[in-house]
Amino acid sequence: MEEIKIITTEEVEAKLEAGEAMELVDVREDEEVQEGMIEGAKHIRMNDIPANLDYFDKEKEYIFICRSGRRSENVCHYLQEHGYKVANMVGGMLEWDGEVIVK
């Protein structure tokens, strides 16, 4: 199994502050995202990823986010096996110090 690229919460925050465009996907459950999401992130629950493959573009890289980084890592393995470019935000929202939006 190929290793998954990782990105830290600090790196994501720095890219956001620099205005860098990123494809962020939050794979947490509905009740988890109600506590707040990173602005600009798309919410697709982990179990809904296989049914939403048409959302993803194989030319773009997607950064996956969950509570601790474990579920997003699993999603990264799944999508990478299907030919997508992915990165896992290690530490997840537990380590996120940046701003969140509540929907």
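Residues numbered from 1 in each chain as written. Predicted model: local features only at pLDDT ≥ 70, side-chain atom pairs only at ≥ 80, totals over all residues. Heavy atoms only, no water.

Enquirer: Any chance you could explain the sheet that holds strand β3 (residues 42-43) here in plain terms?
Expert: The pairing of strands in a sheet comes from backbone hydrogen bonds and takes either a parallel or an antiparallel form. Read across the open sheet, the five strands follow the order β1-β5-β4-β2-β3; overall the sheet is parallel. Each edge of the sheet is formed by a strand with only one pairing partner; in this case those strands are β1 (5-7) and β3. Relative to β3, strand β2 (residues 23-26) runs parallel, the two sharing two bridges. Residue pairing in the sheet places Val25 in a bridge with Lys42 of β3. (Pairing = 2+ DSSP bridges. Helix = DSSP H or I, 4+ residues; strand = E, 2+ residues; numbered from the N terminus.)

Enquirer: How should the pairing of β2 be read in this particular structure?
Expert: Side-chain direction in a regular strand flips from residue to residue, so the side chains alternate between the two faces of the sheet. Summarising the sheet, β2 and strand β4 (residues 61-65) pair through four bridges and their orientation is parallel. Bridge pairing in β4 links Glu23 to Tyr62.

Enquirer: Would you mind going over the pattern of salt bridges with me for this structure?
Expert: Between side chains of opposite charge, a pair can form when the charged atoms approach closely. Following the criterion strictly, the structure yields eight salt bridges and no others. When the shortest N-O distance is used, the salt bridge between Glu73 and Arg70 registers 2.3 Å. Of the two residues, Glu73 and Arg70 are both situated in helix α3 (residues 70-81); the distance of three residues between them amounts to about one turn of the helix. On the accessibility criterion, Glu73 (23% relative accessible area) is partly exposed. The class for Arg70 is exposed, based on a relative accessible area of 53%. Connected through shared salt-bridge partners, Asp30, Arg45 and Asp48 make up one network. (Salt bridge = Lys/Arg side-chain N within 4 Å of Asp/Glu carboxyl O. Buried < 20%, exposed > 50% of the residue type's maximum accessible area, 1.4 Å probe, protein only.)

Enquirer: Please clarify how the side chain of Ser72 should be interpreted in this entry.
Expert: Tracing the chain through its elements places Ser72 in helix α3. Exposure remark for Ser72: the relative accessible area of 0% places this residue in the buried category. Side chain to side chain, Ser72 and Asn88 meet in a polar contact 2.4 Å long. Residues contacting Ser72, with those up to four places away along its chain left out, are Val27, Phe64, Ile65, Cys66, Asn88 and Met89. (Polar contact = N/O pair within 3.5 Å; in protein donor to acceptor, adjacent residues only side chain to side chain. Contact = heavy atoms within 4.5 Å.)

Enquirer: Whenever I open this one, the packing of aromatic side chains confuses me. Can you help?
Expert: We describe a pair of aromatic rings using the distance from one ring centre to the other and the angle between the two ring planes. In this structure the tally under the stated criterion is five aromatic pairs. Their ring planes at 45° and their centres at 5.9 Å tell us that Phe56 and Phe64 sit as a pair that is tilted. For the pair Phe56 and Tyr84, a centre-to-centre distance of 6.1 Å together with 65° between the ring planes defines the contact as edge-to-face. Of the two residues, Phe56 is situated in the loop between β3 and β4 and Tyr84 in the loop between α3 and β5 (85-89); the sequence distance between them amounts to 28 residues. According to the relative accessible area criterion, Tyr84 is buried, its value standing at 12%. Three or more aromatic residues joined by ring pairs form one cluster here, namely Tyr55, Phe56, Tyr62, Phe64 and Tyr84. Seen from the ring of Tyr84, Lys58 lies directly overhead, with NZ or CZ sitting 5.1 Å from the centre. (Phe/Tyr/Trp six-rings, centres within 6.5 Å; stacked < 30°, edge-to-face > 60°. Lys NZ or Arg CZ within 6 Å of the ring centre and 35° of its normal.)

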